[in-house]
Amino acid sequence: MTATETSRPPALWLRDNCPCADCRDPRNGQKLFQITDLPEGLAVGEVREDMPTADGRPGREVVWEPDGHRSVYPADWLAAHAPGAGGPPHPGDGRTEADKELWTAADLRGRLPEASWDAYIGDRRVREGTLESVSRLGFALLRGVPPRDRMVLDVARTFGFVRETNYGELFEVRVEADPNNLAFTRARITPHTDNPYRDPVPTLQLLHCLNNEARGGDSGLVDGFHAAALLRAQDPDAFAVLTRVPVEFAFADARTELRAHRPLIDVDGLGRVREIRFNNRSIGTLHQPAPVVEEFYAAYRRFAELLLRPALQLDFRLTPGDCLVFDNTRLLHARTAFAESGARHLQGAYADLDGLLSTLAVLRREGNRS
Ligand code: OGA
Ligand code: ZN
Ligand code: ZN
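Residues numbered from 1 in each chain as written. Chains lettered and ligands numbered in written order. Predicted model: local features only at pLDDT ≥ 70, side-chain atom pairs only at ≥ 80, totals over all residues. Heavy atoms only, no water.

(A) Summary view of the coordination of the zinc ion (ligand 2). Distances from the zinc ion (ligand 2) to its protein donors, namely C18 (SG), C20 (SG), C23 (SG) and H69 (NE2), fall within the range 2.1 to 2.3 Å. One can describe the donor arrangement at the zinc ion (ligand 2) as tetrahedral, given that its four donor atoms subtend angles of 104 to 114° at the metal. Each donor residue of the zinc ion (ligand 2) lies on the same chain, and together they follow the pattern C-x1-C-x2-C-x45-H. Of this pair, C23 sits in the loop between α2 (11-16) and β1 (43-48) while H69 sits in the loop between β2 (59-65) and β3 (70-74); the two residues are 46 residues apart in sequence, bridging distant segments of the chain. (Donors = N, O, S within 2.8 Å, 3.2 Å for Na, K, Ca; no water. Tetrahedral: all angles 85-135°; square planar, octahedral: opposite > 155°, others 65-115°. Helix = DSSP H or I, 4+ residues; strand = E, 2+ residues; numbered from the N terminus.)

Written out as structure tokens, the structure is:
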């Protein structure tokens, strides 16, 4: 950025970012004023370049009209943040396709993002790399996590907070006599995101394998952001329909009745893919005018054909001690059917990306300091 671009940022923006101790509490950096507290007709008065900041870094001083307030901005802060003349860049928020590495199964064959539990616990760089994989690729696989009851909760607590739901703090994925969910049978489960009937949806899921002696019961992951990008390239109208039409997802059992109305593909204000919801088991009845229903079903089918393409699905098998951590707003997960004989038992839990991304940011901050 050139000096002229940083020298005349919009006045309100500049004043709103004043770092002085009257404007921000020095103990926590929190803002001490309302936008309505700023005087009408605010304008930059005198400017002095090469004015050092309180901690001696190169800075620029601004004296404000009409109230005479003084601000000193660090020069490197202005260079990094000032809106350019060509309009502000649009940095990602870490959650959209703009900040992800999209993949197909072939891209990851032989290079699964995995780490041993001991290394993850013992080495902060391994922890950082693992969380970074969840953020960038949508998942990581921890190996050698002690196959103990409730251990999945300890895994979640290494980076964030467990999201308790009607299924409890954790859920048991094993064959049940009277299952309230097809996951708790031996049936094949096709690629899906979990709990689309919840708003907010759990943004992270963990599956910890305690036992997998059954024939079958293999796992699969699909990058839903990649499938959405393919749909947009092949059929932009279908993509647009799926970002627009709210779809009801529902779950009910004796004690619970959950419902959420969200599109299958959620995009941010710039049209970037941010959240996928896809679950053929819990999708409800669409209530829309007939023409919308027609275009929705055509688009839904196109999207499903992409998501169910074998080339997109990474196949692997969980063995006892494996714990998969994945982004439930991006990846779809699946499992094959399994046979009558042989036990299979996973424990699952939900958590959220905000906590994981916070832990990752702190690890990076500490890593930069050392
Ligand atoms: C689930 C699920 C996958 C599996 O419980 O949500 O999709 O491998 N389980 O059993
Ligand atoms: Zn100030
Ligand atoms: Zn699931």
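(B) Up close: helix α10 (residues 290-307). With 18 residues, α10 extends 25 Å from end C-alpha to end C-alpha; this agrees with the ideal 26 Å at 1.5 Å per step. The set of residues buried in α10 consists of F296, A299, Y300, F303, A304, L306 and L307. An end-on view of α10 places all buried positions within 145° of arc, on one side of the element. Opposite its buried face, α10 presents the exposed residues A290, P291, E294 and R301, each directed more than 90 degrees away. (Expected span 1.5 Å × (residues − 1). Buried < 20%, exposed > 50% of the residue type's maximum accessible area, 1.4 Å probe, protein only. Arc of directions from axis to C-beta.)

(C) Local environment of the coordination of the zinc ion (ligand 3). For the zinc ion (ligand 3), the full set of protein donor atoms is H192 (NE2), D194 (OD) and H333 (NE2), at a range of 2.1 Å. Coordination of the zinc ion (ligand 3) draws on donor residues from a single chain, spaced H-x1-D-x138-H in sequence. Classification of H192 as buried rests on a relative accessible area of 4%. Note on D194: relative accessible area 10%, which makes it buried.

(D) View of the pattern of salt bridges. All told, the structure shown has 30 salt bridges when counted by the stated rule. In this structure, the salt-bridge partner of R27 is D25, at a minimum N-O distance of 2.7 Å. The buried category is assigned to D25, whose relative accessible area is 12%. The salt bridge involving R274 is made with D93; its shortest N-O contact spans 2.8 Å. Here the residue R274 occupies a position in strand β13 (residues 273-276), and D93 occupies one in the loop between α3 (75-81) and α4 (105-108), the gap between them amounting to 181 residues. Given a relative accessible area of 23%, R274 falls into the partly exposed group. Taken together, the shared-partner salt bridges connect E101, R111, E132 and R136 into one network. (Salt bridge = Lys/Arg side-chain N within 4 Å of Asp/Glu carboxyl O.)

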